[in-house]
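Coordinates in review
What follows is the residue order along each chain.
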Amino acid sequence: MMKWPKSSRLFKTAGRYIPGGVNSPVRAFRNVGGSPLFITRGKGSKIFDADGNRYIDYVASWGPLILGHAHPSITRAILKVIAKGTSFGAPTEQETELARLIVQAVPSIEMIRLVSSGTEAAMSAIRVARGYTGRDRIIKFAGCYHGHSDGLLVKAGSGATTFGTPDSAGVPRDYARNTIVLPYNDSEALSRCLRKDGSKVAAIIVEPVAANIGLVLPEPGFLKTLRKLSHQDGIVLIFDEVITGFRLGYGGAQEYYGIRPDLTCLGKIIGGGLPVGAYGGKREIMEKVAPLGPVYQAGTLSGNPVAVAAGIAMLKELRKPGVYVRLARKGEKLASALAAASEDSGIPARVNNLGSMFSIFFGIEEASNYEQVLKSDRELYRRFFWAMLERGVYLAPSPFETAFVSLAHSESDLDFTIEKIIETFRIIKT
Ligand code: KE4
């Protein structure tokens, strides 16, 4: 079995200079124990750690690497521009090209602003919605995560849930006051809330497919109700598609479910693994954004030429025919293998799958909201995680994340993974 002396040493050193030894909490393996692997390189579906071990990777840097690691088109695009300079703080033609590709791909987006992270995209979209409506309140859903801006760290679903502290220290009480948190998939709670406060609400922000409490799908009608009720009350509907954008299809979850939000947040995939976020939507709303309108938002490295080059190369690969059918087939193959292993081993688990995303929740039958997911058996997930890791399969070090398959995952990768799933279910049972 694998051991990780080099990674453990590197983690200790990192902890001397960086809080928790990591630059983002979920990477610290706190939810599965032990110390994180230090990764040295990736190629296709594989990543390699400092101790020379090789893994099939289903974290995909938390979503961006839908083509796999070091895809030649992405690498070529970066190498082509990097020698011309890394940043100018001035407009470049490529930013318009990436904006155009996104506008063409996502019909509800008429105008878009590039930023450097999903957090910036969500934070800015909310500010524009408040500027456009003149209202202060926002609605989010328990377990959904929209980055770490103060007003959204109210029952955040990603890192915070992993640490079981849904609110973050340092967020002033009156920031949270304007954020209403409702249960995901609960249309009744939403209509009750809007009957009372609808006229004070600037925006509803939602992950159209929740992927930060593990993968939780919208129940039939939920998104449609969101669209209908927000429209009735003049509320800006924001789809946070930082994960689902270009993941679920070239037009994202909104194309998949046939819902047109007013604003959309993007990130991850559109940067091809480099820092790019974006928010965009209806022209009349986006025209409120400085320097055109009164809502200020800015960024030194927004639209960074190197990151944008990677993003353009990524989208040009993803718009090729058959990409999403192939991705979905791979995701479904693994999800059904997990469900079968649960069945055959008598270990109860719920497997949620949509396209190339899937999650397993041990010990529960239903996983359609935050409350249900919190009841899943984390100890069993921890054992599953380590048993799979020791067998060369790298899954999310938290049950509150989603697994991602990439185009680079071959049939033999999937068959190998399925073999290890069957083996692992046998041993975690004891
Ligand atoms: P970033 O600021 O991390 O680029 O994006 C924030 C964000 C916004 N919206 C959604 C739906 C997201 O999933 C995210 C970030 N996702 C997490 C994990 N699922 C990133 C991993 C991490 O926090 O290290």
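**Some points on the domain arrangement of the protein chain**
- We note that the domain assignment places domain 1 (5–70 + 321–429) and domain 2 (72–318) within the protein chain.
- Centre-to-centre, using C-alpha coordinates, domain 1 lies 25 Å away from domain 2.
- Facing the 35 residues of domain 1 at the interface are 38 residues of domain 2.
- Summed over both sides, the interface of domain 1 with domain 2 buries roughly 3000 Å², with 65% coming from carbon and sulfur.
- Area buried by domain 1 at its contact with domain 2 is led by Tyr 324, Leu 354 and Tyr 370, which between them contribute 25% of it.
- Across the domain 1-domain 2 interface, the total number found is zero salt bridges.
- Elements that contribute at least two residues to the side of domain 1 that touches domain 2 include exactly helix H12 (323–345), strand S11 (349–354), strand S12 (357–362) and helix H13 (370–374).
- The element best represented in the side of domain 1 that touches domain 2 is S12, accounting for four residues.
- Each residue belonging to the side of domain 1 that touches domain 2 can be placed in one class, and the counts come to 21 nonpolar, ten polar and four charged.

**Focus on the site of the ligand**
- Taken together, 17 residues lie around the ligand, and Ser 24, Thr 119, Asn 212, Asp 240 and Glu 401 are the ones closest in.
- Thr 119 is positioned such that a nitrogen or oxygen atom in its side chain is 2.6 Å from an oxygen atom of the ligand.
- At 3.4 Å, a backbone N or O of Tyr 145 approaches a nitrogen atom of the ligand.
- Protein burial of the ligand: of its 540 Å² of free accessible surface, 86% is covered by the chains.
- By residue class, the composition of the shell around the ligand is five nonpolar, eight polar and four charged.
- Each of domain 1 (5–70 + 321–429) and domain 2 (72–318) accounts for three or more of the residues forming the shell around the ligand.

**Notes on the side chain of Ser 191**
- Following the sequence through the fold, Ser 191 ends up in helix H7 (residues 187–197).
- Within polar-contact distance, the side chain of Ser 191 engages the backbone oxygen of Glu 188 at 3.1 Å.

**A word on the side chain of His 409**
- Take His 409: it is sitting in the loop between strand S14 (403–404) and helix H15 (411–428).
- A residue is classified by how much of its surface remains accessible, and His 409, at 2% relative accessible area, is buried.
- Those residues within four positions of His 409 in sequence are excluded, and the remaining contacts are Ser 45, Ile 56, Asp 57, Tyr 58, Lys 330, Phe 404 and Leu 414.

So, how was this worked out
Residues numbered from 1 in each chain as written. Predicted model: local features only at pLDDT ≥ 70, side-chain atom pairs only at ≥ 80, totals over all residues. Heavy atoms only, no water. Domains from an automatic or database assignment. Contact = heavy atoms within 4.5 Å. Buried area = accessible area lost by both parts, 1.4 Å probe. Salt bridge = Lys/Arg side-chain N within 4 Å of Asp/Glu carboxyl O. Helix = DSSP H or I, 4+ residues; strand = E, 2+ residues; numbered from the N terminus. Nonpolar A, V, L, I, M, F, W, Y, C, P; charged D, E, K, R; others polar. Near = heavy atom within 4 Å. Polar contact = N/O pair within 3.5 Å; in protein donor to acceptor, adjacent residues only side chain to side chain. Areas by Shrake-Rupley, 256 points an atom, 1.4 Å probe, with all protein chains shown as cover. Buried < 20%, exposed > 50% of the residue type's maximum accessible area, 1.4 Å probe, protein only.

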